[in-house]
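# Descriptive analysis of the structure
Now for the letters of each chain:
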Amino acid sequence: MKKFIKDNKLLILFILVLISFCLFSMIFVTYENDYFWHIKAGEYMVKHHTILTKDIFSWNLVGKYWFSHEWLFEIILYRFYKLFGNLHIYIYTFICFFILLISIFILHKKEYLKNIPFCLIWLVASIILIHFLQARPHLITYVFISFLVYILFDLYNNENSKKIYFIPLISLLWVNIHGGSSNLIYILPIIFIISGLFTFNSSKLENKRYSKKQIIKYSLCIILGFLPLFINPHGIKMITYPYTNMANKLMISNITEWQPTNLNNIQHYMYFILAFIIFMIMFISKMKIRLIDFILFLAGLYLGLKSIRFWPFIYIFMSHSIFYYVKERKKDPGTNIILLILSIFCILVFVSNIPILRLKPPKIVSDKAINILKREKPNKLYNYYDYGGYLIYKDIDVFIDGRADLYSEYNYRDYLDIFYLKYNYNKLLNKYNFDYLIVPRKSGLSTYLNENNKYDCIFNNKKIVIYKLK
């Protein structure tokens, strides 16, 4: 044991850094609005021993087909809640983030640990992921992407690799945990196989043709990834769902996380800086840029520019090849001490922030407002989009919530037209005949309802107003 510790002291210390960094990251964990309907759906499925494929949360769409492509995640999340109580969101995010970092740094330990300063810089660059530390299926998707890219690169470097036989398991879990992104399980192998069909060499870019065995195995990766996608509650429909979802212009143009990356937003600069650093590392390196690395860089760059929800992709894609462009560096004196100090620092920061960790979900809607709605028992409630998930969490039927892919076919446009008082909003109010409306106090709709003698204000605080049809 002592010999093992002595021989692997650097690796052990770096694993300690990863653990402490993940703990430090927990102070950035947030409850996102979708959390509430996710956990409620998980609760329903566990208690009723069924998989939801029809809506049960909206009074307007109850019984309509719901493409519940995250059903398994919702069950997992609820199980975590039952097992760990109020700590469940932190334990879930910690496990996912730690496994992701393990897949990046430990599986490539020989390459990364050859240059500790760069290794630490790249670890800090993972701050791009901290923005997404939420109890949502995206974190598991990042882990799947990372393992998939690792497997594909392993075959790139070794034609006899057998790791590809893990792909069916990844595919089966992926399509049921977060089916909306599961098409990457066969798209990434397609990218790899295309990049290896020819050989060329230029001043900075190079490519080598794959061996016959590699081409066969990459083709097998596509098949192994594609076939399990049919094993889900929605069957063949899941194959096209990711594409129809991303082509939904109404949803994409109105939901924040689907918005494109914008240079006019200073918060988006972290993405541009990361992309620039990656490009410069490859460009300045004495090594020629491999075509597959450049393609993955461009793919990650494109996705991140298309939507802020894809920011982590470029970091994950490049984590499995960036070390190729970094020189080996002799271990500096005091490296072990520095790693230990970094670990202690991260742990101390985490411990000092424990008192302010949010162990209970935030009250998106005040208890008083919730109690009024439960007392009044609305039949046709109009609610602000961001309140929907929390209202579901409190067992109140909604008009709309974070499942925009469900509502876009039916009433999402109507919701927007009413909320923003578009030209037909009066007709829509009459069409749905809402008996109660809960909206932000500082909104044009609230002002309109307040001045309309058809509605009474029955609750009003600094943020929320509830109106009742007379």
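You'll find the structure just up there.
These notes cover the structure that comes with them. This structure is a prediction, so every number in the text was calculated from the model and none was measured.

### Some thoughts on helix H24 (residues 444–451)
An α-helical segment advances 3.6 residues per turn. Residues three or four places apart therefore align on the same side. Within H24, the full set of buried residues consists of Leu445, Ser446, Tyr448 and Leu449. Burial along H24 is one-sided: seen end-on, the buried residues are contained in an arc of 160°. In this structure, H24 carries Asn450 and Glu451 as exposed residues pointing more than 90 degrees from its buried face. Buried-residue contacts for H24 involve strand E4 (381–383), helix H22 (412–419), helix H23 (425–432), strand E5 (436–440), strand E6 (455–460) and strand E7 (464–469).

### What to know about the sheet that holds strand E2 (residues 205–207)
Strand order in the open sheet formed by 3 strands is E1-E2-E3, with mixed pairing between adjacent strands. Only two strands of the sheet have a single partner each, and these edge strands are strand E1 (200–201) and strand E3 (289–290).

### Describing the side chain of glutamine 134
Looking at where glutamine 134 falls in the secondary structure, it is placed in the loop between helix H8 (127–130) and helix H9 (138–157). Discounting chain neighbours no more than four positions away, the residues touching glutamine 134 are Thr30, Glu32, Tyr92, Thr93 and Leu139.

### Topic: the pattern of salt bridges
For the structure shown, the criterion picks out 15 salt bridges. The residue lysine 40 makes a salt bridge to aspartate 395 at a minimum N-O spacing of 3.0 Å. Highlighted residues: lysine 40 in helix H3 (residues 34–48) and aspartate 395 in the loop between helix H20 (388–393) and helix H21 (404–407), separated in sequence by 355 residues. Residue classification places lysine 40 among the buried positions, given a relative accessible area of 12%. When its relative accessible area of 55% is taken as the criterion, aspartate 395 is described as exposed. Put simply, Lys40, Glu43, Lys47 and Asp395 are held in one network by salt bridges that share partners.

### Some details on the nonpolar core
The biggest cluster of nonpolar side chains holds 166 residues, and the ones touching the most others in it are Phe105, Trp122, Tyr382, Leu391 and Tyr412. No other element matches the 14 residues that H9 contributes to this core.

### Topic: the environment of leucine 291
As for its placement among the helices and strands, leucine 291 is situated in helix H16 (residues 291–306). For leucine 291, a relative accessible area of 10% puts it in the buried group. Separated by 96 residues in the primary sequence, leucine 291 and serine 195 place their C-alpha atoms 6.6 Å from one another. Dropping the residues within four chain positions of it, leucine 291 is found in contact with Ser195, Phe198, Phe200, Leu205, Glu206 and Asn207.

Reading the values: rules and limits
Residues numbered from 1 in each chain as written. Predicted model: local features only at pLDDT ≥ 70, side-chain atom pairs only at ≥ 80, totals over all residues. Heavy atoms only, no water. Buried < 20%, exposed > 50% of the residue type's maximum accessible area, 1.4 Å probe, protein only. Helix = DSSP H or I, 4+ residues; strand = E, 2+ residues; numbered from the N terminus. Arc of directions from axis to C-beta. Contact = heavy atoms within 4.5 Å. Pairing = 2+ DSSP bridges. Salt bridge = Lys/Arg side-chain N within 4 Å of Asp/Glu carboxyl O. Core = buried A, V, L, I, M, F, W, Y, C linked by side-chain atoms within 4.5 Å.

Just distances and angles here, no functional claims.
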